[in-house]
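What follows is the residue order along each chain.
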Amino acid sequence: MRKPLRTTLFLSMVVALSLLVPVRGEAQNSPDRDTKEIADYLLTDAGLAKYRQAVAKLQPLAAQLPQDCDQEDRTRSLNELAAQMDGIP
């Protein structure tokens, strides 16, 4: 991913997670595992530091990814995304 795209994606995630905080009570009653997992997530300073460190370590691998990654955007579950990422060596 290009750096501006990564920054935009990161900021979008932060905003989305902050919007989900008030919905937490409703998500606990939801049978959807993905919704519950997102609602239960709490971003701490330590977690953010780990995320930034991981992004920095993965930076060299970005050049190896196909350049058409943005063309694969479609709504999928977290499990499908995890399986796809696990399939990439």
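Residues numbered from 1 in each chain as written. Predicted model: local features only at pLDDT ≥ 70, side-chain atom pairs only at ≥ 80, totals over all residues. Heavy atoms only, no water.

**Student:** Can you help me understand the overall build of the protein chain in this one?
**Tutor:** When helices and strands are tallied, the protein chain shows five helices and zero strands. When the helices and strands of the protein chain are read in sequence order from the N terminus, they spell out α-α-α-α-α. As displayed, the protein chain offers around 7700 Å² of accessible surface, 61% of which is attributable to carbon and sulfur atoms. (Helix = DSSP H or I, 4+ residues; strand = E, 2+ residues; numbered from the N terminus. Areas by Shrake-Rupley, 256 points an atom, 1.4 Å probe, with all protein chains shown as cover.)

**Student:** Help me understand a nonpolar patch on the surface in this model?
**Tutor:** Residues Leu9, Met13 and Tyr51 make up a contiguous nonpolar surface patch of roughly 250 Å² in combined accessible area. Relative to the assigned elements, leucine 9 resides in helix α1 (residues 3–20). Its relative accessible area of 39% is what places leucine 9 among the partly exposed residues. (Patch = residues over 30% accessible without salt bridge, like charges linked within 9 Å, V, L, I, M, F, W, Y side chains within 5 Å. Salt bridge = Lys/Arg side-chain N within 4 Å of Asp/Glu carboxyl O. Buried < 20%, exposed > 50% of the residue type's maximum accessible area, 1.4 Å probe, protein only.)

**Student:** Explain helix α4 (residues 45–58) here, please?
**Tutor:** Because each turn of an α-helix spans 3.6 residues, side chains separated by three or four positions in sequence point in the same direction. The terminal C-alpha atoms of α4, which comprises 14 residues, lie 20 Å apart, in line with the 20 Å expected from a rise of 1.5 Å per residue. Among the 14 residues of α4, zero are classified as buried, and the element is accordingly described as predominantly exposed. (Expected span 1.5 Å × (residues − 1).)

**Student:** Can you help me understand the packing of aromatic side chains in this one?
**Tutor:** Where two aromatic rings form a pair, the distance of their centres and the angle of their planes describe that pair. Following the criterion strictly, the structure yields one aromatic pair and no others. Between phenylalanine 10 and tyrosine 51 the ring centres are 5.2 Å apart and the planes differ by 15°, which places this aromatic pair in the stacked class. In this pair, phenylalanine 10 sits in helix α1 while tyrosine 51 sits in helix α4, placing the two residues 41 residues apart along the sequence. Since its relative accessible area comes to 31%, tyrosine 51 is described here as partly exposed. (Phe/Tyr/Trp six-rings, centres within 6.5 Å; stacked < 30°, edge-to-face > 60°.)

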